[in-house]
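The primary structure of each chain is shown beneath.
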Amino acid sequence: MNQNFKESFEKTRLAGIIAAGALDEVAKIAIPGTRTDEIDKLCYEFLNDHGAYSAPLFYRGFPKSCCTSTNHVVCHGIPSSDKILKEGDIVNVDVTALKDGWHGDTSRTFEIGEVSVKAKKLVKTTYEALMKAIEIVKNDLPLGDIGAIIQNYVEAEGFSVVQDFCGHGIGKQFHKEPNVLHYGKAGTGEKIKTGMIFTIEPMINLGKFETKILNDGWTAVTKDKSLSAQFEHTIGVTEDGCEIFTLSKNK
C-alpha cells in the first residue's frame, strides 16, 4: 500500500473507531422509553468528547447530529423529543464522525425490547447482506457484484432492496464517487481499486422497495408503510480484500 493510501486509511480508521464507539454507547440506551433526541444528544457529546464533529449536523441543512429511522422510516429520520421508542420498535441510528478532516460513517439497526419474528428476521438478513457484500470486496471487483450479492440474498429471504439510496465514496468529502448500489448485476459497473474508501449501507424492506420523502424534506419512508432496516460500514479496499473501519469493539 503506498503512502497516500496509508494516510487515508489511518485517518479514516480513527474517524471510524469514534463513530462505532458512539453506536456502542447508543446500544446502552436503545430501550423502551428513550426519546430519539436523547440518542442525538449522546452522539453529539460522544463525538465531541473524542475530538470529532458530527458530519450530518447542518449538512445541507440537516438539523441534528445523527439520523434515527424508526420502523417504516428507511433513512434520514430526524431525532425528536416527541419520538419515544417503544417495545417492539426497530430503529436505525446513523452516525458520521468528522475527525482531522476525515469521515467515518456507520449505522446499525437496534431492536427495542422484544420485536416480532418478522422484524428480527429483517434485521438479521440486512446485517448478513452487508457482511456478505464486504466479504467479496477486493481490488478489481466490479461494483455490480456488490449490488448483486446483496439483492440476491435479500430477495431469496423474501425482502426487497431500496433503490433510491446507495452507498458512496467517502474520505475528506462526506459523499463522493463512486455510488455503491445495493442491487444490480454481477460483472457490471466500474472496477473498484486498492485504496478506494466507500460505504456499503443496504436498506432492506419487509414489503416493497418503493420509498417517498416526507414534507420535512429529509425523512424517507416505505410507501407501503412496511418495516425497513439498515446497516452500514465504511471500508477501504486492499489488494486481496478490505478493511472495515467502523467495526464495534463489542463484536
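Residues numbered from 1 in each chain as written. Predicted model: local features only at pLDDT ≥ 70, side-chain atom pairs only at ≥ 80, totals over all residues. Heavy atoms only, no water.

> Any chance you could explain the pattern of salt bridges here in plain terms?
Two side chains bearing opposite charge may form a pair once their charged atoms approach each other closely. According to the stated counting rule, one finds eleven salt bridges in the structure shown. Between glutamate 157 and lysine 121 there is a salt bridge, and its shortest N-O distance comes to 3.6 Å. Residue glutamate 157 is located in the loop between helix H4 (143-156) and strand E6 (160-161), and its partner lysine 121 is located in helix H3 (residues 117-136); the two are separated by 36 residues in the primary sequence. The exposure class assigned to lysine 121 is partly exposed, which follows from its relative accessible area of 36%. One connected set of salt bridges, linked through shared partners, spans Arg35, Asp37 and Glu38. (Salt bridge = Lys/Arg side-chain N within 4 Å of Asp/Glu carboxyl O. Helix = DSSP H or I, 4+ residues; strand = E, 2+ residues; numbered from the N terminus. Buried < 20%, exposed > 50% of the residue type's maximum accessible area, 1.4 Å probe, protein only.)

> How should the environment of proline 63 be read in this particular structure?
Along the chain, the position of proline 63 falls in the loop between strand E1 (53-54) and strand E2 (67-70). For proline 63 and serine 81, which are 18 residues apart along the polypeptide, the C-alpha to C-alpha distance reads 13 Å.

> I'm lost on the sheet that holds strand E13 (residues 228-230) in this one. Help?
Across a sheet, strands are paired by hydrogen bonds formed along the backbone, either parallel or antiparallel in direction. With respect to topology, three strands assemble into an open sheet ordered E6-E10-E13, the strand pairing being antiparallel. For this open sheet the edge positions go to E6 and E13, each flanked by a neighbour on one side alone. Note that E6 and strand E10 (residues 203-205) share two bridges and pair antiparallel. The partner of valine 161 across the bridge, within E10, is isoleucine 204. Sheet strands touched by H3: E10 and E13. Its angle to E13, the strand with the most contacts, is close to 35°. (Pairing = 2+ DSSP bridges. Contact = heavy atoms within 4.5 Å. Axes fitted to C-alpha atoms, helices over the stretch in contact; angles between N-to-C directions.)

> Whenever I open this one, the nonpolar core confuses me. Can you help?
The nonpolar side chains of soluble globular proteins are, as a tendency, buried together. Judged by nonpolar contacts, the single largest core of 30 residues is most densely connected at Val137, Ile146, Ile150, Ile192, Phe198 and Ile200. Elements supplying a minimum of two residues to this core: H3, H4, strand E9 (197-200) and strand E14 (233-237). If you tally residues by element for this core, the top one is H3, at eight residues. Counting 20 residues, the second-largest nonpolar core is a separate cluster that includes Val26, Ile39, Cys66 and Leu85. (Core = buried A, V, L, I, M, F, W, Y, C linked by side-chain atoms within 4.5 Å.)

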